[in-house]
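The primary structure of each chain is shown beneath.
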Amino acid sequence: MEMTSRTEIDDDSDNNRGSMWVLDQKLDQPMDEEAGRLRNMYREKKFSLLLLLRFAFQSLGVVYGDLGTSPLYVFYNTFPRGIQDPEDVVGALSLIIYSLTLIPLLKYVFIVCRANDNGQGGTLALYSLLCRHAKVKTIPNQHRTDEELTTYSRSTFHENSFAAKTKRWLETHHSRKSALLILVLVGTCMVIGDGILTPAISVLSAAGGIRVDHPNISNDVVVVVAVIILVGLFSMQHYGTDRVGWLFAPVVLLWFLLIGGIGIFNIRKYDSSVLKAFSPVYIYRYLRKGGKDRWTSLGGILLSITGTEALFADLAHFPVSAIQLAFTIVVFPCLLLAYSGQAAYLMQNSDHVMDAFYRSIPDSIYWPVFIVATAAAIVASQATISATFSIIKQALAHGCFPRVKVVHTSKKFLGQIYVPDINWILMVLCICVTAGFNNQSQIGNAYGTAVVIVMLVTTLLMALIMILVWRCHWILVLLFTGLSLVVECMYFSAVLFKVDQGGWVPLVIAAAFLVIMYVWHYGTLKRYEFEMHSKVSMAWIVGLGPSLGLVRVPGIGLVYTELASGVPHIFSHFITNLPAIHSVVVFVCVKYLPVYTVPEEERFLVKRIGPKNFHMFRCVARYGYKDLHKKDEEFEKKLFDNLFLFVRLESMMEGCSDSDEYSIYGQRTEQSRDALLNDNNGNTTSSAVDSIISSVDSIVPIKSPVNPNFTIRSSGQTSSQMEIDELEFLNNCRDAGVVHILGNTVVRARRESRFYKKIAVDYIYAFLRKICRENSVIFNVPHESLLNVGQIFYV
């Protein structure tokens, strides 16, 4: 007898993206229920382990490329003036060992990575978590229905808890919200700086191996080779990583095995006594000797943990458990062996510190290792560039970056994107850094400055996450924050000594991007406030009557606005200057929420504005910061599909008496309509009209009924007949033509404004508005059916 059973395995460990596997089990003979259950459990664990190992293997290429290439340049940047005492090598190695243990292993892999937003990592992902748990978002465009999203997870606090007090402290003053945003933007700008400096130092360090075997080659030749590799790397970005991404994990795994094996070889051949560096006593001895050089050398040791922030930013692709497994089994031990092997080599060859990695390679495998090192440097650079594109996309969704073109490079993986404008800017800046400095040491100083600032920002945000999201006891928060700040501030003080030796580069780059991002956010916020304060009263709309005081011409007018409620000012401006308006008016709001994604079935919200004979609707399209509102011909179709579905459901709900959800809506609609048509004396009043703003003009999520084919009767006419009449009317209007009406609000500084405000608004923001993409391009609006409504707003 043959039995077939289906077992579903949902691997959703650590609240990350799970993978559903369906297995067919064919059993040759019957088994009892208990034996079958045990066998199924065994198979589930077996396949879950295999899946976890697969994810851990794949994570090596995406997550750990940057961290893995650090051995190329750490010792040279630690001792740029040479090694004076061999014991210093042991002290430096001890610092490297405990830096890798405290920061990447304990802090990031086991603590920070758990503070993910449904699997998404990075500075802006932490900010999104905070925005959901406290009202700290500076653009208040959220609605209560947004909290009902399946991806909008949040926790509640006890009124007198420490978390509730912290939440109230953050929400009380707008200046604190702005300070939090600036902190997040600083971290974001430093990550963008990493996208410039990582390819520069990784590729230049890898290409420097040519000089070891050919000492007569000048440094200029190495720079030219590095620049050629960088140009090729950035020129291939538009293809995406989907086609070559399968190579990343094998290359990086081979790289880790090679550096680990070379480390073991060097320890055995040169000096195994370096293993005493595992004792923290040698850190004390190293720092006790004092001197500026000893302290500034910490800036070079800091490079051993670069790539740690990229580890968190690239978290979206894999479960946390896979990241942890890959680090503890492969990355961490191989890095320790690599650094220990280099230290053993330097104990007897202290004059080779400049090319310590390449000179410590056995001659028989020198060129294969050189090729793998170059490939690993390219993979590390690719991962950082991709993370930069991702964080730019997140900044766009938060209204903190000008509207640039975002290209989706993969049909399989939604996270793989390409930003052409940013790509070429990164390439130019990266080449300038590589050719301008012409020195690994100065690039290393710049790189260390960017990395340590991002770590400090993450620590401060994690303190808030532990309080508001995890609701940890304040002692645990203080312990984590204090220990992290002690280590990171020590490194930060060391890189401050090197600001004039290249450390100024990330500061200048970050300052430029910070100005751009903050000015753009300021302009976006002011435009939103203008629309909020100048939106049209419902009483004024209702007072115009069903014709809105104009000729209603056939067709549908889609009025794009940033408001999720109320009638925008551009609509009144439009109908004041033109004698006609379309038979159907739909206010379309495309907004981004502080969630990583909005499921397709929950994306659209539809509501009716005013009575039915007004034929006015609102449609809100919601996106998460990982979603891509790309050039999508389906957007208009989906909008109308949801509008028609709303009309059907509304007709059903009006007469439904056996469904709580629908009857509540029906009562609200009838009460609103009664309030709209008559007051107690039979007259329409403004107070009655104002009372419907929270009822008729309230968002109703689109949900399919249990039985969509049933008919609900009302007095004189069936609900389905009324529904068919309106649907036919909407279809006729759609066939008559769809016109897209967009607002073109120009923001200007007032004449009495301070000079810096005039510069920011009249020049920087105006320039960014001019060069960025228009709304018509973003929404894929046909040029022949576009109407722009111009306005000027003074701030």
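Glancing now at the packing of helix α10 (residues 248-269) against helix α17 (residues 366-397). Taken N-terminus to C-terminus, the directions of α10 and α17 make an angle of 130°; their axes are 9 Å apart at the nearest point. Taken together, the axis directions place α10 and α17 in an arrangement best described as oblique. Note that α10 runs across α17; the crossing there is left-handed. Between α10, through Phe-248, Val-251, Val-252, Leu-254, Trp-255, Leu-258 and Ile-262, and α17, the contact on the second element is made entirely by Val-369, Val-372, Ala-373, Ala-375, Ala-376, Val-379 and Gln-382. Taken together, the residues of the contact of α10 with α17 break down into 13 nonpolar, 1 polar and no charged.

This model, assessed by the stated rule, comprises 18 aromatic pairs. A centroid spacing of 5.9 Å and a plane angle of 80° characterise the contact between Phe-389 and Tyr-418, whose relative ring orientation is edge-to-face. Here Phe-389, found in helix α17, pairs with Tyr-418, found in strand β4 (residues 417-418); they are 29 residues apart in sequence, far enough to count as distant. With respect to class, Phe-389 is no different from Tyr-418; both count as buried.

The next subject is the side chain of Lys-607. Here Lys-607 lies in strand β7 (residues 604-608). Take Lys-607: its relative accessible area is 1%, and that puts it in the buried class. In terms of polar contacts, Lys-607 uses its side chain to reach the backbone carbonyl oxygen of Ala-564, at 3.1 Å.

This part takes up helix α18 (residues 420-437). For α18, built from 18 residues, the straight-helix expectation of 26 Å at 1.5 Å per residue is met to within 8% by its first-to-last C-alpha distance of 26 Å. Within the sequence span of α18, burial applies to Pro-420, Ile-422, Asn-423, Leu-426, Met-427, Cys-430, Val-433, Thr-434 and Phe-437. Across the axial projection of α18, the buried residues extend over an arc of 155°, all falling on one side.

Below, the discussion takes up the confidence of the model for the protein. Here the protein averages 79 in pLDDT, and 82% of its residues register 70 or above. Scored below 50 in pLDDT, residues 1-32 shows 69 contacts in the model against residues more than four places distant or in partner chains. Here residues 656-717 is a poorly scored stretch, pLDDT under 50, and it has 91 contacts once near neighbours within four places are set aside; other chains count.

On the surface, Phe-162, Trp-474, Ile-475 and Leu-478 cluster together into a nonpolar patch covering about 440 Å² of accessible area. The dominant element in the nonpolar patch, judged by the number of residues it contributes, is helix α20 (residues 474-496), at 3 residues. With respect to the secondary-structure elements, Ile-475 resides in helix α20.

Here we take up the environment of Leu-204. Following the sequence through the fold, Leu-204 ends up in helix α7 (residues 174-207). Classification of Leu-204 by relative accessible area gives buried; the value is 5%. A sequence separation of 173 residues divides Leu-204 from Ala-377, and the C-alpha atoms of the two residues are 8.9 Å apart. Those residues in contact with Leu-204, other than ones at most four positions away along the chain, are Pro-199, Val-222, Val-223, Ala-226, Thr-434, Gln-440 and Ile-443.

Analysis parameters
- Residues numbered from 1 in each chain as written.
- Predicted model: local features only at pLDDT ≥ 70, side-chain atom pairs only at ≥ 80, totals over all residues.
- Heavy atoms only, no water.
- Axes fitted to C-alpha atoms, helices over the stretch in contact; angles between N-to-C directions.
- Helix = DSSP H or I, 4+ residues; strand = E, 2+ residues; numbered from the N terminus.
- Parallel < 35°, antiparallel > 145°, perpendicular 65-115°, else oblique.
- Left-handed = near helix turned anticlockwise from the far one by under 90°.
- Contact = heavy atoms within 4.5 Å.
- Nonpolar A, V, L, I, M, F, W, Y, C, P; charged D, E, K, R; others polar.
- Phe/Tyr/Trp six-rings, centres within 6.5 Å; stacked < 30°, edge-to-face > 60°.
- Buried < 20%, exposed > 50% of the residue type's maximum accessible area, 1.4 Å probe, protein only.
- Polar contact = N/O pair within 3.5 Å; in protein donor to acceptor, adjacent residues only side chain to side chain.
- Expected span 1.5 Å × (residues − 1).
- Arc of directions from axis to C-beta.
- pLDDT = per-residue confidence, 0-100.
- Patch = residues over 30% accessible without salt bridge, like charges linked within 9 Å, V, L, I, M, F, W, Y side chains within 5 Å.
- Areas by Shrake-Rupley, 256 points an atom, 1.4 Å probe, with all protein chains shown as cover.
- Salt bridge = Lys/Arg side-chain N within 4 Å of Asp/Glu carboxyl O.

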